[in-house]
Amino acid sequence: MEGGFSSDSVGSGGGKLDPGLIMEQVKVQIAVANAQELLQRMTDKCFRKCIGKPGGSLDNSEQKCIAMCMDRYMDAWNTVSRAYNSRLQRERANM
C-alpha cells in the first residue's frame, strides 16, 4: 500500500500497532526516498554535464560521459556515506 502502512503492522494484541514494525516500515520508506533523491540528483547533474543537445539518442561520447559521471557520483556518495556512518558510530560510542 503506497504511502501508508500495510495491515501487517497490526499486532495480535487487540488490534494495537506494533511500534517495532512501524519503525522498520518508516526506515524502509526513508531509505527508498533517499535512493530516489540520490538517483534524481545524479541524473540531473550528469545530464547537465554530459548532454549538449538533447535528442532522440545519445552519441558514443555522451554515453561514456554519462557512465563515468554516474560512476564518480556513486563513488563519492559511497565515500561520504561511509564517513558519515563511521562518525555516527563514534559519536554514539562516546555517549
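Throughout, residues of each chain are indexed from 1 in the direction in which the sequence is written. Selection of residues for local features in this predicted model requires a pLDDT of at least 70, selection of side-chain atom pairs for listing and counting requires 80 or more, and totals for whole chains, interfaces and linings are taken over all residues. Remark: hydrogens and water are excluded; side-chain values derive from all non-hydrogen atoms of the structure.

### Some words on the overall build of the protein chain
Only DSSP runs of H or I with at least four residues qualify as helices, and only runs of E with at least two residues qualify as strands; both kinds are numbered from the N terminus onward. A tally of helices and strands in the protein chain yields two helices and zero strands. Every one of the 95 residues in the protein chain was classed for burial, and the buried ones make up 12%. Any two residues having at least one pair of non-hydrogen atoms within 4.5 Å are treated as being in contact. Long-range contacts, defined here as pairs at least 24 residues apart, represent 25% of the contacts in the protein chain between residues at least 6 apart. Of the accessible surface of the protein chain, which amounts to about 7,900 Å², a share of 57% is contributed by carbon and sulfur atoms. Exposure classes here rest on a 1.4 Å probe applied to the protein chains alone. A residue is buried below 20% of its type maximum, exposed above 50%, and partly exposed in between. Here, Shrake-Rupley sampling with a 1.4 Å probe gives the accessible areas, and only protein chains in the shown set may cover a residue.

### Overview of the confidence of the model for the protein chain
Parts of the prediction with low pLDDT should not have their coordinates interpreted in detail. Averaged over all residues, the pLDDT of the protein chain is 87; the fraction at 70 or higher stands at 84%. Residue range residues 7-12 is modelled with pLDDT below 50. Its contacts to residues more than four positions away, or to other chains, number 12 contacts. Residue-level confidence of the predictor is what pLDDT reports, using numbers from 0 through 100.

### Side note on the pattern of salt bridges
Side chains that differ in charge, positive against negative, can pair when their charged atoms come close. Salt bridges, as used here, are contacts in which a Lys or Arg side-chain nitrogen is within 4 Å of a carboxyl oxygen on Asp or Glu. Scanning the model with the defined rule gives three salt bridges in all. Measuring nitrogen to oxygen at the nearest pair gives 3.8 Å for the salt bridge that ties Glu24 to Lys27. Of this pair, Glu24 and Lys27 both sit in helix H1 (residues 19-50), three residues apart, which is roughly one turn of the helix. Put simply, Arg87 and Glu91 hold a salt bridge, and the shortest N to O gap is 3.0 Å. Of this pair, Arg87 and Glu91 both sit in helix H2 (residues 60-93), separated by four residues, roughly a single helical turn.

### Quick notes on the state of the cysteines
Disulfides are defined as cysteine sulfur pairs within 2.5 Å. This structure, assessed with the given rule, holds two disulfides. Paired by a disulfide, Cys46 and Cys69 hold their sulfur atoms 2.0 Å apart. Across the S-S bond of Cys46 and Cys69 the torsion is about -85 degrees, and the bridge reads as left-handed. Here Cys46, found in helix H1, pairs with Cys69, found in helix H2; they are 23 residues apart in sequence, far enough to count as distant. When its relative accessible area of 1% is taken as the criterion, Cys46 is described as buried. Between the sulfur of Cys50 and that of Cys65 lies a disulfide, 2.0 Å long from S to S. Its S-S torsion of about -70 degrees marks the bond between Cys50 and Cys65 as left-handed, since a negative value means left-handed. Here Cys65 lies in helix H2 and Cys50 lies in helix H1, a separation of 15 residues in the sequence. Of the residues examined, Cys50 reaches a relative accessible area of 9% and is grouped as buried. Classification of Cys65 as partly exposed rests on a relative accessible area of 21%.

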